[in-house]
Amino acid sequence: MAIGFHTDGTAMPAFRKMPVKRWIKSIVERHGKTVGFITYVFCSDEKILGINTEFLRHDYYTDIITFDYSEENEISGDLFISPDTVRSNSEKFNTAFQDELFRVMIHGILHLCGFGDKSEAEQLRMREAENAALHLYKETFN
């Protein structure tokens, strides 16, 4: 198991890495999976726009892009996150930056666990799983 945190053109957001790693692992296990290699890359808006355009053919900014390399029940992937977009969203939704950051971080993990978010029903299921994960972090790992 390996969960890594890296930056590309932006500062590393402030959070305690070991408790976050334990939290992510616990969420993965709650969904019947194991952790393989997960890499978070915190990057600039321009970097994530470039990734979004090149790989997904979307010409807009986003908070996270997840590349899934999972095999069977072992999840692995690269998760690119724009802290600038996360900050904009935290202001838009009137939430604390760290809460929004953790929501985005676990959103990518839930995708790796098999959650979708295309339909309204999938979005509801995803939001419920995100909320449960955030609650667990605050109650157990904070």
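It should be noted that the structure appears before, not after, this text.
About the criteria used
- All residue numbers refer to position in the chain's written sequence, counted from 1.
- Restriction of local features to residues with pLDDT of at least 70 applies here, the model being predicted, together with a cutoff of 80 or more for giving and counting side-chain atom pairs; totals for whole chains, interfaces and linings are based on all residues.
- As a rule here, side-chain values come from all non-hydrogen atoms in the structure, and water together with hydrogens is ignored.
- Salt bridge, as applied in this entry: a Lys or Arg side-chain nitrogen positioned within 4 Å of an Asp or Glu carboxyl oxygen.
- Helix and strand assignments come from DSSP, with helices taken as H or I runs of at least 4 residues and strands as E runs of at least 2, each series counted from the N terminus.
- Using a 1.4 Å probe on the protein chains alone, a residue whose accessible area is under 20% of its type maximum counts as buried, one over 50% counts as exposed, and one in between counts as partly exposed.
- Should any heavy atoms of two residues lie within 4.5 Å, those residues are considered in contact.
- Identification of polar contacts relies on pairs of N or O atoms within 3.5 Å, with a donor-acceptor requirement for protein atoms, meaning one able to donate a hydrogen and the other able to accept it, and with residues adjacent in sequence counted only if both atoms are side-chain atoms.
- Each aromatic pair joins two rings of Phe, Tyr and Trp (for Trp, the six-membered one) with centres within 6.5 Å, and gets the label stacked for planes under 30 degrees apart, edge-to-face for over 60, and tilted for any other angle.
- Working rule: Lys NZ or Arg CZ, within 6 Å of ring centre, within 35 degrees of ring normal, means a charge sits over the ring.

S.K.: Go over the pattern of salt bridges, please, and point to the residues and values.
M.R.: On inspection of all chains with the given rule, the structure shows five salt bridges. Across the pair E29 and K25 runs a salt bridge, and its minimum N-O distance is 2.6 Å. With E29 and K25 both in helix α1 (residues 17-30), this residue pair falls four residues apart, about one helical turn. Overall, E29 belongs to the partly exposed group, its relative accessible area being 43%. A salt bridge links R127 to E130; its shortest N-O distance comes to 2.9 Å. Linking R127 with E130, this pair stays in helix α5 (residues 120-141), spanning three residues, or about one helical turn. Take E130: its relative accessible area is 3%, and that puts it in the buried class. In this structure, a network of salt bridges that share partners links the residues R103, R127 and E130.

S.K.: Give me the environment of E130: which residues, what numbers.
M.R.: In sequence terms E130 and M105 are 25 residues apart; their C-alpha atoms lie 9.5 Å from each other. Every residue in contact with E130, bar those within four places of it in the chain, is listed here: R103, I106, H107 and L110. Within polar-contact distance, the side chain of E130 engages the side chain of R103 at 3.0 Å.

S.K.: Which residues make up the side chain of N52, and what are the values?
M.R.: Locating N52 in the fold gives a position in helix α2 (residues 45-56). Look at N52 and you get buried, because its relative accessible area is 2%. In this view, N52 contacts R57, H58, Y60, T62 and I65; residues no more than four positions away in its chain are not counted.

S.K.: Describe the packing of aromatic side chains, with residues and values.
M.R.: Taken as a whole and assessed by the stated rule, the structure comprises ten aromatic pairs. Geometrically, the ring pair formed by F5 and F15 is edge-to-face, given 5.1 Å between the ring centres and 75° between the ring planes. Placement of the pair is F5 in strand β1 (residues 2-8) and F15 in the loop between β1 and α1, with a sequence separation of ten residues. Here F5 and F15 have matching classes, each one buried. A network of ring pairs unites the aromatic residues F5, F15, W23, Y40, F42, F102 and Y137 as a single cluster. Over the ring of F15 we find K17, and its NZ or CZ is 4.8 Å from the ring centre. Just above the ring of F115 sits the side chain of R125; from NZ or CZ to the centre is 4.1 Å.

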